[in-house]
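Below, each chain spelled out in residue letters.
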Protein chains: 2
Amino acid sequence: MFMNSNYPAESRALIAVDCIIFGFDEHEEVLKVLLIKRDMTPHKGDWSLMGGFLGIDETVDDAASRVLHTLTGLDNIYMEQLHVFSEVARDPVERTISVAYIALININDHDQKLIQQYSARWFTLEDKPDLIFDHDEMFNLGLSRLQHRVSTKPIGFELLPEKFTMRQLQKLYEEILATDLDKRNFSKKINSLEILEKLDEKDKRSSRKGSYLFKFDEEKYKEKSRQGFHFKI
Amino acid sequence: MFMNSNYPAESRALIAVDCIIFGFDEHEEVLKVLLIKRDMTPHKGDWSLMGGFLGIDETVDDAASRVLHTLTGLDNIYMEQLHVFSEVARDPVERTISVAYIALININDHDQKLIQQYSARWFTLEDKPDLIFDHDEMFNLGLSRLQHRVSTKPIGFELLPEKFTMRQLQKLYEEILATDLDKRNFSKKINSLEILEKLDEKDKRSSRKGSYLFKFDEEKYKEKSRQGFHFKI
DNA sequence: TCAAAAGTGTTCACCGTACACCCATGG
DNA sequence: CCATGGGTGTACGGTGAACACTTTTGA
């Protein structure tokens, strides 16, 4: 550090990242959030978002990726910077500013052992307990962002397995947007976007007839985006 | 500080805010950005966004407000957190992470003396010089955000005087969105929103006939928003 | 009376939405 | 053969986009 620079010494503060991790439970067909039970004071034993401190050689994105990897064992998780939280007394121990992230993962993909190790648990939005510090505020903002993002970018697929049925996709949107959708209009809309590949394979678990499986075709989406296409649901 | 807390010492870094200040020049009918000539090394004499460091008793919003007040003499400026920039080497002097803001001001309102004192200048987007550090990246992201925001929130009025003509409003949108708009469709759309008050007064400077002045009716907008109305242009 | 900007209405294509019946299959 | 979920088409109203002429008035 250059302590004799004309940069002020009093501006240094701890920098943290906190992640709002969303997952979709295919079985229960509900949106869930992954929370951890805090193992340090203050608020030991209370629920909080998964977080961590910024390392000296990391960007905040790096730090968020690391935090996500630590808890889930996964890499290349979809995530997005949400907002900086910086109330002076938000962390009672020491002045800390936190950069909140939202992250989307496939709920069946991650490492169960790590989750246990961190005393983490998936909560439906209804069962979500109150969180420490300003984490509830982060969560609420994160949910709004997710609702907005999912209507304008094809990120919903991050929450589903690679192959999914039209019904699963619709339920996902209904859960996130907290509305009911008409299945005829929904599949018409989705198909008109031309960014899904309809497979020959069927998922026979849900009905006798079986329902076709689809895959998100990222290449097709990118190509269409280059040509001015905008995803919109 | 509690240095014997289990919070890591290495995470402390300088925290800055940088403001992308937009203004609309009514006379030239162009969008401009306010830049300052840097008076300290490194890059002394080069152009940059107006910035400052986070004070120990401030939120980042407070810091951005302070920075904006310092340069313009104005309070209650519309501003919005944009993004955190945290590349490890983004500031060559010392590890600094910066929270970028966009701000909208009426270009005729602010304090000319302060602008001179800081060697600040308004630039059209065409004339904008290259900026120091990662400020160009901030600027580009800020412009995208402005383009998006102005279509979904009634913030364009922040850039105009209290009373404005339909033509000024249209030119403002054309400038920000970098498109041409049809004046019949534009005024139809705006009027259908029912958030402007048409005054009896006319602005006679622009033509012999004179054009009606309008005011943004914030109360009406808030009332409609409460009832589920969404601004959209 | 003319130049210059202001103001205004109609048509058409497309999209979003509402709505109900037949299909395929395993038990 | 029947119960269960899967899959599909049509009609209508509303919105966005294209487009041109008349009005006002100061010089």
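Provided above is the structure to which this section pertains.
Residues numbered from 1 in each chain as written. Chains lettered and ligands numbered in written order. Predicted model: local features only at pLDDT ≥ 70, side-chain atom pairs only at ≥ 80, totals over all residues. Heavy atoms only, no water.

Give a description of the environment of E219 of chain A that names residues and reports values.
Here E219 of chain A shows up in helix 6 (residues 218–226). For the pair formed by E219 of chain A and G142 of chain A, sequence separation is 77 residues and the distance between their alpha carbons is 28 Å. (Helix = DSSP H or I, 4+ residues; strand = E, 2+ residues; numbered from the N terminus.)

Before we move on, could you go through the pattern of salt bridges and cite the residues and values that matter?
Side chains that differ in sign of charge can pair as their charged atoms come close. Taken as a whole and judged by the stated rule, the model has 34 salt bridges over all chains. Between K32 of chain A and E28 of chain A there is a salt bridge, with its nearest N and O atoms 3.2 Å apart. Residue class for E28 of chain A comes out partly exposed when judged on its relative accessible area of 46%. With a closest N to O distance of 3.4 Å, E29 of chain B and R167 of chain B form a salt bridge. A residue pair is termed long-range when its members are at least 10 positions apart, and E29 of chain B in the loop between strand 1 (14–25) and strand 2 (30–37) and R167 of chain B in helix 4 (residues 166–177) qualify at 138 residues. (Salt bridge = Lys/Arg side-chain N within 4 Å of Asp/Glu carboxyl O. Buried < 20%, exposed > 50% of the residue type's maximum accessible area, 1.4 Å probe, protein only.)

Help me get a handle on the side chain of T59 of chain B, residues and values and all.
By the secondary structure assignment, T59 of chain B is in the loop between strand 4 (50–53) and helix 1 (60–72). A residue is classified by how much of its surface remains accessible, and T59 of chain B, at 10% relative accessible area, is buried. Ignoring any residue separated from it by four or fewer positions in sequence, one finds T59 of chain B in contact with S86, E87, V88 and R95 of chain A together with L54 of chain B. (Contact = heavy atoms within 4.5 Å.)

I'd like to hear about the side chain of T96 of chain A, residue by residue, with values.
By the secondary structure assignment, T96 of chain A is in strand 6 (residues 96–105). A polar side-chain atom of T96 of chain A sits 2.9 Å from the main-chain carbonyl oxygen of E94 of chain A. (Polar contact = N/O pair within 3.5 Å; in protein donor to acceptor, adjacent residues only side chain to side chain.)

Break down the protein's contact with DNA strand C for me, citing the residues and quoting the values.
As a structural note, the neighbourhood of DNA strand C is formed by 20 residues, with R184 and N185 of chain A together with K183, R184 and K188 of chain B the closest of them. In the interface set of DNA strand C, defined as its atoms within 4 Å of the protein, sugar plus phosphate atoms amount to 37%. In this structure, D182 of chain A approaches DNA strand C through a side-chain N or O atom, which is 3.4 Å from a base nitrogen. The side chain of K188 of chain A places a nitrogen or oxygen atom 3.3 Å from a base nitrogen of DNA strand C. When residues of the surface near DNA strand C are traced back to their parent elements, those giving at least two are helix 5 (183–193) of chain A together with helix 5 (183–193) and strand 10 (211–216) of chain B. The biggest single contributor to the surface near DNA strand C is helix 5 of chain B, with four residues. A breakdown of the residues in the surface near DNA strand C according to their chemical character gives one nonpolar, six polar and 13 charged. (Near = heavy atom within 4 Å. Nonpolar A, V, L, I, M, F, W, Y, C, P; charged D, E, K, R; others polar.)

Give me the relation of the copies chain B and chain A: which residues, what numbers.
Of the transformation placing chain B onto chain A, the axial shift is 0.0 Å and the rotation is 180°, giving an RMSD of 0.0 Å. What we have between these two chains is a two-fold relation. Both copies contact each other with a shared surface, as 100% of the interface residues of chain B are interface residues in chain A too. (Least-squares fit on C-alpha atoms with pLDDT ≥ 70 in both.)

A description of helix 5 of chain B should follow, citing residues and the corresponding values.
All names here are of chain B. Every buried residue of helix 5 is accounted for by F186, I190 and L193. Taken around the axis of helix 5, the buried residues stretch over an arc of 55°, which confines them to a single face. Turned more than 90 degrees away from the buried face of helix 5 sit R184 and K188, all of them exposed. The inward-facing, buried residues of helix 5 abut helix 4, strand 9 (196–203) and helix 6 (218–226). N-capping of helix 5 is provided by D182, with a side-chain oxygen placed 3.0 Å from the backbone N of R184. A positive backbone phi angle near 55° is found at E194, which sits one or two residues after helix 5. (Arc of directions from axis to C-beta.)

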